[in-house]
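Structural overview for review
One letter stands for each residue in the lines below.
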Amino acid sequence: VVGGRYARTYFGVGPVTATRTGLPRHEPGGGLKSISFGLGGAVALNRDLDRRGVLVGAVLNYERLVGSIAASPLVAGRGAADQVTFTIGTGYHF
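Report follows, based on the coordinates. Once a new chain begins, its residue numbering starts again from 1 and follows that chain's sequence as written. Restriction of local features to residues with pLDDT of at least 70 applies here, the model being predicted, together with a cutoff of 80 or more for giving and counting side-chain atom pairs; totals for whole chains, interfaces and linings are based on all residues. Side-chain calculation: all heavy atoms of the structure are included, whereas hydrogens and water are not.

**Concerning the sheet that holds strand 1 (residues 34–44)**
The strand order across the open sheet built from 3 strands is 1-2-3, with neighbouring strands paired in antiparallel fashion. For this open sheet the edge positions go to strand 1 and strand 3 (82–93), each flanked by a neighbour on one side alone. Within this sheet the neighbouring strands show an average axis-to-axis angle of 15°, counted without direction. Two strands pair under a simple rule: DSSP has to find at least two bridges between them. Note on conventions: DSSP H or I runs of at least 4 residues are helices, E runs of at least 2 residues are strands, and numbering of each starts at the N terminus. Helix axes are fitted only over the stretch in contact, all axes being lines through C-alpha atoms; the angle between N-to-C directions runs from 0 to 180 degrees.

Shown next, in the form of structure tokens:
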């Protein structure tokens, strides 16, 4: 859930921008920004999560922009409402 100011800042197209880019004006309101689902996991390289050691993890996330955010010309015309991200990382368990 986002506020109107956030929605207008990141997904709105004001009059000056519309004139410069040729995109239609768009003033999204606040509300639900997206629906997402993620799956992640980690494994200890020493195979024991109860002991100190290095962890390696990954997360796969799918996000669908909805409502006035998805209707933005920045998304509909030059982007995509469907967003997929994959993240990998390492850490140390103390």
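**Some points on the environment of Leu60**
Relative to the helices and strands, Leu60 is located in strand 2 (residues 53–65). Contact criterion: two residues are considered in contact whenever any of their non-hydrogen atoms come within 4.5 Å of each other. Not counting residues up to four positions away in its chain, the partners in contact with Leu60 are Phe37, Gly38, Leu39, Val84, Thr85 and Phe86.

**A word on the nonpolar core**
The criterion is simple. A nonpolar core is a set of buried Ala, Val, Leu, Ile, Met, Phe, Trp, Tyr and Cys residues joined through side-chain atoms within 4.5 Å. Per-residue accessibility, obtained with a 1.4 Å probe over protein chains only, is compared with the maximum for each type, and a residue is labelled buried under 20%, exposed over 50%, and partly exposed between these values. One finds Val2, Ala7, Phe11, Leu65, Ile69, Ala70, Val75 and Ala81 forming the largest nonpolar core, which totals 8 residues. With residues up to four places along the chain from it excluded, the contact list for Phe11 reads Tyr6, His26, Pro28, Lys33, Leu65, Ile69, Ser72, Leu74 and Val75.

**A word on a nonpolar patch on the surface**
Like-charged residues within 9 Å of one another, or nonpolar side chains (Val, Leu, Ile, Met, Phe, Trp, Tyr) within 5 Å, are grouped into patches, provided each residue has over 30% relative accessible area and no salt bridge. Note that accessible areas follow from Shrake-Rupley with a 1.4 Å probe, and for residues the cover is restricted to the protein chains shown. One speaks of a salt bridge when a side-chain nitrogen belonging to Lys or Arg is within 4 Å of a carboxyl oxygen belonging to Asp or Glu. Together, Val43, Leu45, Val54, Val56, Tyr92 and Phe94 give the surface a local cluster of nonpolar side chains, amounting to about 590 Å² of exposed area. Checked against the element boundaries, Leu45 lands in the loop between strand 1 and strand 2.

**Comments concerning the pattern of salt bridges**
Summed over all chains, the structure comprises 3 salt bridges. The residue Arg25 makes a salt bridge to Glu27 at a minimum N-O spacing of 2.8 Å. Residue classification places Glu27 among the exposed residues on the basis of a relative accessible area of 57%. Between Arg64 and Asp82 there is a salt bridge, with the nearest N and O atoms lying 2.9 Å from each other. Here Arg64, found in strand 2, pairs with Asp82, found in strand 3; they are 18 residues apart in sequence, far enough to count as distant. Owing to a relative accessible area of 38%, Arg64 belongs among the partly exposed residues under this scheme. On the accessibility criterion, Asp82 (38% relative accessible area) is partly exposed.

**Looking at the side chain of Glu63**
Residue placement: Glu63 occurs in strand 2. Counted as a polar contact is a pair of N or O atoms within 3.5 Å, where, for protein atoms, one must be capable of donating a hydrogen and the other of accepting one, and residues adjacent in sequence contribute only when both atoms are in side chains. Side-chain polar atoms of Glu63 contact the side chain of Ser34, separated by 2.6 Å. Those residues within four positions of Glu63 in sequence are excluded, and the remaining contacts are Lys33, Ser34, Ile35, Ser36, Ala81, Asp82 and Gln83.

**Brief notes about helix 1 (residues 4–11)**
Every buried residue of helix 1 is accounted for by Gly4, Ala7 and Phe11. For helix 1, the buried positions fall inside an angular range of 75° around the axis, keeping them on one side. Exposed residues on helix 1 whose side chains face more than 90 degrees from its buried face are Arg5, Thr9 and Tyr10. Packed against the buried residues of helix 1 are strand 2, helix 3 (67–70) and helix 4 (73–76). What the arc covers is the set of directions going from the helix axis to the C-beta atoms.

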